[in-house]
Amino acid sequence: MSAVPPLAFALTRIHARHARLPTALDWRRLGEARDRTDCLLQARGTGLRPWLRNVADSDSVDEVEIKLRASQRRYLAEVAGWLAPAWRPATLWLGRLTDLAPLEYLRQGGNPLPWMELDPALAPWVRPGEPRPSGTGLTDPAPLLAHPERDPADAWRGHWLSLWPGSCPPQAGPLAGALANVAVAGSPAARARLLSVFRGTPLHVAALFAHLGLFTDDLRRLAGELARRLPRMLVDEAA
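Note that the coordinates shown come from a computational prediction; the quantities given were computed from them, not determined experimentally. (Residues numbered from 1 in each chain as written. Predicted model: local features only at pLDDT ≥ 70, side-chain atom pairs only at ≥ 80, totals over all residues. Heavy atoms only, no water.)

Enquirer: Explanation requested: the overall build of the chain in the structure shown.
Expert: A tally of helices and strands in the chain yields 14 helices and zero strands. The N-to-C order of helical and strand elements in the chain reads α-α-α-α-α-α-α-α-α-α-α-α-α-α. Across the chain, the fraction of contacts at a sequence separation of at least 24, relative to all contacts at a separation of at least 6, is 62%. Surface summary for the chain: the accessible area is close to 11600 Å², and the carbon and sulfur share equals 56%. (Helix = DSSP H or I, 4+ residues; strand = E, 2+ residues; numbered from the N terminus. Contact = heavy atoms within 4.5 Å. Areas by Shrake-Rupley, 256 points an atom, 1.4 Å probe, with all protein chains shown as cover.)

Here's what the structure looks like:
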């Protein structure tokens, strides 16, 4: 019996994982949660449960943000391991989607937030004087920051498209835009676009990327729900 091609294997698992993502009813229950304990209880009753294993009821906003970002990267690494080597760079680069909003915030002159200095992915870029990455590695943020005046979302899209093996199909550009837009602002239109791609091309690698974008948006949305019910920043608690 011949081995199952890596993409077919990955897509089979992706569709199974996608079916576990929170439904509209799940999100309504999360939105109606009385407090953070209830919110976490509701979230743990959905497909988000695996990504909340390290989140405690007592965690601050900063700790939750860092842990959910780490969960996103772990999932991407798992999915990348299911794929042929040629597709791994583009898959792992989705780990930088969660950096687009904070990088745009910093580009607009915002002061680094406490959690940014604690997150290993962003810390080298917000701590003055600390050595920055050398520009090597599949997830190094250097392509996002090579031109500080450039919109990080534009930089992310350009680099992601360059990582596709061979020539990009026509749908790759709009897909890249939807991934970046849903990551930066949780755009409903961008989310609808990703859902359309996932449902319309179930046997194409685009479905895998659309799922990962929707998963990342779900973690962003969960972080927002928890932030409304959690303590303020660590620096405020220590004051």
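Structure shown, so let's carry the discussion forward.
Enquirer: Explain the nonpolar core to me, please; I cannot follow it from the model alone.
Expert: Within soluble globular proteins, side chains that are nonpolar tend to cluster in buried spots. Core analysis: the biggest nonpolar cluster contains 65 residues, and Trp156, Trp160, Leu208 and Phe209 have the highest contact counts within it. In terms of residue count, helix α13 (residues 205–227) provides more of this core than any other element does, 13 residues in total. Leave out the neighbours within four places in its chain, and Leu208 touches Ala10, Leu11, Ile14, Val79, Leu83 and Thr91. (Core = buried A, V, L, I, M, F, W, Y, C linked by side-chain atoms within 4.5 Å. Buried < 20%, exposed > 50% of the residue type's maximum accessible area, 1.4 Å probe, protein only.)

Enquirer: How do you make sense of the environment of Ala77 when you look at a structure like this?
Expert: In this structure, Ala77 sits in helix α4 (residues 61–82). A relative accessible area of 42% means that Ala77 is categorised as partly exposed. Placed 11 residues apart in sequence, Ala77 and Arg88 show a C-alpha to C-alpha distance of 8.5 Å.

Enquirer: Any chance you could explain the packing of α4 against helix α6 (residues 97–107) here in plain terms?
Expert: Between two packed helices, both the angle of their axes relative to each other and the distance between the axes serve to describe the pair. The interhelical angle for the contact between α4 and α6, taken along N-to-C directions, is 140 degrees, at an axis separation of 10 Å. Judged by the angle between their axes, α4 and α6 are oblique. On α6, the residues touching Arg69, Gln72 and Arg73 of α4 are Thr98, Asp99 and Pro102. Here the residues of the contact of α4 with α6 sort into one nonpolar, two polar and three charged. (Axes fitted to C-alpha atoms, helices over the stretch in contact; angles between N-to-C directions. Parallel < 35°, antiparallel > 145°, perpendicular 65-115°, else oblique. Nonpolar A, V, L, I, M, F, W, Y, C, P; charged D, E, K, R; others polar.)

Enquirer: Mind showing me how you'd approach α13 here?
Expert: Structural remark: α-helix, 3.6 residues per turn; residues separated by three or four positions point the same way. Taking 1.5 Å per residue as the helical rise, α13 with its 23 residues ought to reach 33 Å, and the 33 Å between its terminal C-alpha atoms agrees with that figure. α13 sits mainly inside the fold: 19 of its 23 residues count as buried. (Expected span 1.5 Å × (residues − 1).)

Enquirer: Hey, could you run me through the pattern of salt bridges in this one?
Expert: Any two side chains of opposite charge can pair, on the condition that their charged atoms come close. Scanning all chains against the criterion turns up 15 salt bridges. For Arg107, the salt bridge identified is with Glu104, shortest N-O distance 2.8 Å. Residue Arg107 and its partner Glu104 are both found in helix α6; the two are separated by three residues, about one turn of the helix. Residue classification places Glu104 among the buried residues on the basis of a relative accessible area of 19%. With its nearest N and O atoms 3.1 Å apart, the salt bridge here joins Arg229 to Glu225. Taking relative accessible area as the criterion, Arg229 reaches 15% and is therefore assigned buried. Relative accessible area serves as the criterion here: at 12%, Glu225 is assigned to the buried category. (Salt bridge = Lys/Arg side-chain N within 4 Å of Asp/Glu carboxyl O.)

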